[in-house]
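The lines below spell out each chain.
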Amino acid sequence: MSNENGGAGHLYLVDGAGYIFRAYHALPPMTRPDGTPVNAVMGFCAMLERLLLELEGPDKPSHLAVIFDAGHITFRNAISVDYKANRPPPPEDLVPQFALVKDASRAFNLPTIELDGFEADDIIATYATQARAVGLKVTIVSSDKDLMQLVGDGVDMLDPMKQRRIGPEEVRERFGVGPDKVIDVQSLAGDSVDNVPGVPGIGVKTAAQLIGEYGDLDALLARAAEIKQPKRRQNLIEFADQARVSRDLVTLKCDVDLAEGIDDLVLPERDIDRLMAFMDEQNFKTLKARIRGRLEGGAPATAAPSAAAGGPKHETIQDEKALADWIALVEREGVLAIEAMSDHADPMLASLTGLAMAVAPGRAAYLPLGHRKPGAKDGLDLDGGPAPEQLDRETALRMLAPVLTDPSVLKLGADIKRTVILLARQRIDMAPIEDAMLLSYAAESGLHKHALDSLSERYLEQELPPLKGLLGTGKSAIGFDELDLEKASAYANTTADAVWQTRQPLRAKLLDAHTVAVYETLERPLVAVLAAMERTGITVDATTLKRMSGDFAQRMAALESEIHELAGESFNIGSPKQLGEILFDKMSLPGGKKGKTGAYATPADVLEQLAAQGHDLPARVLDWRQLSKLKSTYTDALQEQINRDTGRVHTTYVLASTSTGRLSSADPNLQNIPVRTDEGRKIRRAFVPADGYRLLSADYSQIELRILAHIADIPSLRQAFHDRQDIHAITASQVFGVPLEEMDPQTRRKAKAINFGIIYGISAFGLANNLRIPQAEARDYIAAYFERYPGIRDYMDRTKDFCKQHGYVTTLFGRRMHMPGIRDSNPARRSFQERAAINAPIQGSAADIIRRAMIRLPGALDQARLGARMLLQVHDELIFEVPDDEVDRTRDLVRQVMEDAAHLEVPLVVDTGVGDNWDEAH
């Protein structure tokens, strides 16, 4: 067989099954007008069209087919009933799309093959074998490791995510052996995802070493008695038959009886009318226009110059025609990297200065919208020249709005929430979105930073210019809106280009880490939820804050006088150096330690120890410090942070700052207001609802202890939670042998300290400090606890062992939290990481659960036609602003959604409260 150019033919076999799942996870949920979900269908069409476009040219394939799985049951289930038994069912909204995706392949007029009883991989293997026999080159479009056994002798693979060819060397890099030995390695290593058992204790690396040494699986098993390591030798002998069964499971069939032969796979001409009709059925208007433009001779956007093909093409858009041309480019490409530039870091205070955009590697443009000449902001004219030429903001945004809201155009960003908020303030609800920062966070939390500059250096080997270097610092700093337009455009274009180019390697990293579901279900959907919360903000009573600041100031002055009297002289209480000299030189109190500067250290724990010993001065200093912090951080600062336009305070939620998935709050931080002190609770009283509303607090009760009871096998704790008993009293009774009816507060307090301390890997020293008891007594308490609940010790040991082997731990929902110091040679650092590894699955699972609830709540409230607005998240607590006449219905709905966010072996319980301020509601 030969192609029309006289050369050898080339068959492309597209792994349709792999395309479906990648397409589904690439786009957020979307439906046709009749309610049928179609995000996977749209993604599949876009991926298939891009592949066909990339294969145009002299090397255009002579043959091509798209291969699908016909069903879940295949001949392998007769070999092993457990084969793929643990795979979760596909998402509900994906199931009706399987048939539509196959219809899409046929609409592209492509041979579409499936066969009952066989996997797509077997069909691919059969066609590859047949094509090779008649002299055709073969390329398998997939990154599936199971297909790598076919590579070689005229067969290669094309990874559609990384756009990388996979040949024998790449297979060797993946498995440590050539393609001809992949089956042997897989037979030993097994595959937990597909329930291929393999041999216990043998991974891919060890399997490759053994096959390299003994030649093949049969030779290895025959000579297993020669293996020196006792455990490995025993497993190879004991599980030899299991390895042979595994070989039967992983070996692809190359002789499937197929109705369609190689000649039936000749690449046909496009049927434009058929494809356009399918696009109309699915309501894919923009995708239809994009494909029709290409098929009817429109210049493909991918033909634009790229960084690798002659240098980047970076532009500045300054008139309507240029913007219209760019919008047409975006509509054809269907993917837009976008970053909003502004004159302030806070998106609720900022004015939109411009939009940086990119549509392909090296193809970027900056649209200035609010630049002014230097000094204009301050009423000055530093250069006498005019403001830069730029489009009217309203006109430009009106032109851009259709593509920014088009569900078939994916918008990329890095920390895209900020751009979402800035555009929402311009009445543009941008969707769907993709976030490079969150892709990185979901794949490699704990390994490195996830900001764009770090990602650019890591994946593009490109250092982004620091913005401070352009804007200056201190009094001489200027805003981005005052930056020279040429410099602003260069910075913006480089940024957008980096966003575009990092997406592909980050998506590949996400797939490699098996954390696609974490990104798609816990990260990406949360962006819009948090953006809405940040825009809404919460009302703070400035009069109450002002009165509290005055009260704190008076109390600080009284404490200052008392401290000076105790010290016998006046000194600066806020100076650690002067305080240390008073405490340790003048008063000769114990525990004074000087640091490198020669000054005494006076942190809170040092002062607390001195206060516990009965010394008044350090106790009063602690009181003074607490009031000082509350005054400066909250009662003074919050007055300044009330937005003049909204009259509310708007915190910013940081999505990728903790390794466990917990959100943090900044500018202002509303998660750290103390709740165990009268002063902290008073500050919460300043947070109030709008007129006609009340505040609703919904708080998960003891969620981390419930997760611990679920993860570790502790029947008594599980039963206590099911019976809604006092968990701390139950623990005290079981550990200390005190009958429940005789339980005293002090014994319960000890059990509570252990219950919560265990989650964080507390030591005898730490527990002794908490309870003010001798370390020996604390050590006995912990020993008694583990003796009563051995499942907790087993969980800890199991978790540490897993982390040392893999370098990470996971939550109940698959979030990976890497612990790079788990094998550190320094005992202190290693011990810290071990404690973190024990806590992370618990804290991370709690964070995932409240994320799931937050993502579901806005839709549930809308569906119930309730007017409540979610305002704040404080770890395990959510705060809502609820219309007066909807309080009871909203409370019931919120509790139901939160308690249904996860189903554990113990019930999730949500405590709710309603009030006219936050403290009253909590």
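1. Concerning the side chain of Ser 187
By secondary structure assignment, the location of Ser 187 is in helix α7 (residues 182–189). Classification of Ser 187 as buried rests on a relative accessible area of 0%. In contact with Ser 187, not counting residues within four places along its chain, are Gly 198, Val 199, Leu 217, Ala 243, Ser 246, Arg 247 and Val 250.

2. Let's talk about the packing of aromatic side chains
Summed over the entire model, instances satisfying the criterion amount to 12 aromatic pairs. Each ring, one from Phe 802 and one from Tyr 808, has its centre 5.6 Å from the other, and the planes form 80°; the classification is edge-to-face. The exposure class of Tyr 808 is buried, given its relative accessible area of 13%. Over the ring of Phe 175 we find Arg 174; its NZ or CZ atom is 4.9 Å from the centre of that ring. The ring of Phe 75 has Lys 253 lying over it, and the distance from NZ or CZ to the ring centre is 5.7 Å.

3. Thoughts on empty space enclosed by the protein
Within the structure shown, the criterion is met by 3 cavities of 30 Å³ or more. Contributing to the lining of the largest cavity are 14 residues, with Tyr 83, Asp 146, Asp 194, Leu 249 and Val 250 lying nearest its centre. Across the lining of the largest cavity, the residue classes tally to 5 nonpolar, 2 polar and 7 charged. Here the second largest cavity defines a volume of roughly 80 Å³. Lining the second largest cavity are Gly 661, Arg 662, Leu 663, Glu 704, Gln 843, Ala 846, Ala 847, Ile 850, Arg 851, Gln 873, His 875 and Asp 876. Take the lining of the second largest cavity: its biggest share by element is 5 residues, from helix α35 (residues 827–863). Across the lining of the second largest cavity, the residue classes break down as 4 nonpolar, 4 polar and 4 charged.

4. A few points about the nonpolar core
Residues Tyr 700, Ile 792, Met 854 and Phe 880 are the most contacted members of the largest nonpolar core, which totals 221 residues. Phe 880 has contacts with Arg 694, Leu 695, Leu 696, Ala 698, Leu 857, Leu 861, Arg 869, Met 870, Leu 871 and Val 894, leaving out every residue within four places of it along the chain. Val 199, Ile 202, Leu 217 and Leu 220 belong to the second-largest nonpolar core, a separate cluster that totals 49 residues.

5. A short note on the packing of helix α22 (residues 542–567) against helix α25 (residues 616–635)
Where α22 contacts α25, the axes come no closer than 9 Å and their chain directions differ by 155°. Classified by the angle their axes make, α22 and α25 are roughly antiparallel. The chirality of how α22 crosses α25 is left-handed. Looking at the contact of α22 with α25 residue by residue, the class counts come to 14 nonpolar, 3 polar and 7 charged.

6. Points about the packing of helix α12 (residues 272–282) against helix α13 (residues 285–295)
Here α12 crosses α13 at 165°, and the two axes come no closer than 9 Å. Taken as axis vectors, α12 and α13 run roughly antiparallel relative to one another. Seen from above, α12 lies across α13 with left-handed handedness. Within the contact between the two elements, α12 uses Ile 272, Leu 275, Met 276, Met 279 and Asp 280 and α13 uses Leu 287, Lys 288, Ile 291, Arg 292 and Leu 295. Per-class residue counts for the contact of α12 with α13 are 7 nonpolar, no polar and 3 charged.

7. Re the confidence of the model for the protein
Looking at the protein, pLDDT values average 89 and 95% of them are 70 or higher. Within the protein, helix α32 (residues 764–771) has the poorest average pLDDT of any element, 80, and strand β22 (residues 877–883) the best, 98. For residues 298–310, every residue scores under 50 in pLDDT, and the model assigns this stretch 22 contacts once sequence neighbours within four places are set aside. Scored below 50 in pLDDT, residues 378–384 shows 8 contacts in the model against residues more than four places distant or in partner chains.

8. Section: the sheet that holds strand β6 (residues 164–166)
A sheet is described by the order of its strands in space; here 6 strands give the open sequence β3-β2-β1-β4-β5-β6, paired in mixed fashion. On the outer flanks of this sheet lie β3 (112–113) and β6, each paired with one strand and no other. Of the strand pairs in this sheet, strand β1 (residues 10–15) and strand β2 (residues 63–67) are connected by 5 bridges, and their pairing is parallel. Looking at the pairing, Tyr 12 lines up with Leu 64 of β2. Of the strands in this sheet, β1, β2, β3, β4 (137–141) and β5 (155–159) touch helix α5 (residues 120–133), which is tilted by about 175° from β1.

Analysis parameters
- Residues numbered from 1 in each chain as written.
- Predicted model: local features only at pLDDT ≥ 70, side-chain atom pairs only at ≥ 80, totals over all residues.
- Heavy atoms only, no water.
- Helix = DSSP H or I, 4+ residues; strand = E, 2+ residues; numbered from the N terminus.
- Buried < 20%, exposed > 50% of the residue type's maximum accessible area, 1.4 Å probe, protein only.
- Contact = heavy atoms within 4.5 Å.
- Phe/Tyr/Trp six-rings, centres within 6.5 Å; stacked < 30°, edge-to-face > 60°.
- Lys NZ or Arg CZ within 6 Å of the ring centre and 35° of its normal.
- 1 Å grid on protein atoms, 1.4 Å probe; cavity = no way out; pocket = protein on both sides within 12 Å on 5 of 7 lines; lining within 4 Å.
- Points joined across faces, edges and corners; volume = space filled by probe spheres on them.
- Nonpolar A, V, L, I, M, F, W, Y, C, P; charged D, E, K, R; others polar.
- Core = buried A, V, L, I, M, F, W, Y, C linked by side-chain atoms within 4.5 Å.
- Axes fitted to C-alpha atoms, helices over the stretch in contact; angles between N-to-C directions.
- Parallel < 35°, antiparallel > 145°, perpendicular 65-115°, else oblique.
- Left-handed = near helix turned anticlockwise from the far one by under 90°.
- pLDDT = per-residue confidence, 0-100.
- Pairing = 2+ DSSP bridges.

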